[in-house]
Amino acid sequence: MELPPISATPLSTSGATTASQNRQVPSKSSQDFEAMFLGQMVDEMLSTVNIGDFGGGHAEETWRSFLSDAIGRSIAEQNSTGIAKGIEAAIQRYQTGQDL
């Protein structure tokens, strides 16, 4: 099987597009971090809850992480905690070289 040669052309030739994409990266990264952080917090909280007769076992432990991640993403999408905003500000200060 022969692969075609790799093209050396850049994906974007516009400087404005690159600047726009650079502004979106901290926002996306900070929201992903917030969702991951909140998901881990929810998972720890769920591990301490007594579910009663309907829970327990290996299946609950397996699926609890999926539920925790979904709850964490849902909370992060609401932009109600301010975690992403703080992380985004720190990323932007780091990129521009400003003091914290």
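Keep in mind the model is a prediction, meaning the values are calculated, not measured. (Residues numbered from 1 in each chain as written. Predicted model: local features only at pLDDT ≥ 70, side-chain atom pairs only at ≥ 80, totals over all residues. Heavy atoms only, no water.)

## Topic: a nonpolar patch on the surface
Taken together, Phe33, Met36, Phe37, Met41 and Met45 make up a surface patch of nonpolar side chains, about 440 Å² in accessible area. As for its position among the elements, Phe37 is in helix H1 (residues 15–47). Judged by relative accessible area, Phe37 falls into the partly exposed class, the value being 34%. (Patch = residues over 30% accessible without salt bridge, like charges linked within 9 Å, V, L, I, M, F, W, Y side chains within 5 Å. Areas by Shrake-Rupley, 256 points an atom, 1.4 Å probe, with all protein chains shown as cover. Salt bridge = Lys/Arg side-chain N within 4 Å of Asp/Glu carboxyl O. Helix = DSSP H or I, 4+ residues; strand = E, 2+ residues; numbered from the N terminus. Buried < 20%, exposed > 50% of the residue type's maximum accessible area, 1.4 Å probe, protein only.)

## Quick word on the packing of aromatic side chains
Counted under the stated rule, the structure contains two aromatic pairs. Their ring planes at 10° and their centres at 6.4 Å tell us that Phe33 and Phe37 sit as a pair that is stacked. Separated by four residues within a single helix, Phe33 and Phe37 lie in helix H1, roughly one turn from each other. Judged by centre distance (5.1 Å) and plane angle (40°), the ring pair of Trp63 and Phe66 falls under tilted. Taken together, the residues span about one helical turn, with Trp63 and Phe66 both in helix H2 (residues 57–77) at a distance of three residues. (Phe/Tyr/Trp six-rings, centres within 6.5 Å; stacked < 30°, edge-to-face > 60°.)

## Remarks on H2
The first and last C-alpha atoms of H2 sit 31 Å apart over 21 residues, in line with the 30 Å expected at 1.5 Å per residue. At Arg64, H2 is bent by approximately 25°, the largest bend along its length. Every buried residue of H2 is accounted for by Arg64, Ser68, Gly72 and Ala76. Positioned one or two residues after H2, Asn79 has a phi angle of 50°, which is positive. (Expected span 1.5 Å × (residues − 1). Bend = angle between axes of the 7 residues up to and from the residue.)

## Focus on the confidence of the model for the protein
Atomic detail in the predicted coordinates should be set aside for any region of low pLDDT. Per-residue pLDDT for the protein has a mean of 78; in total, 68% of the residues score no lower than 70. Scored below 50 in pLDDT, residues 8–13 makes two contacts in the model with residues more than four places away or belonging to other chains. (pLDDT = per-residue confidence, 0-100. Contact = heavy atoms within 4.5 Å.)

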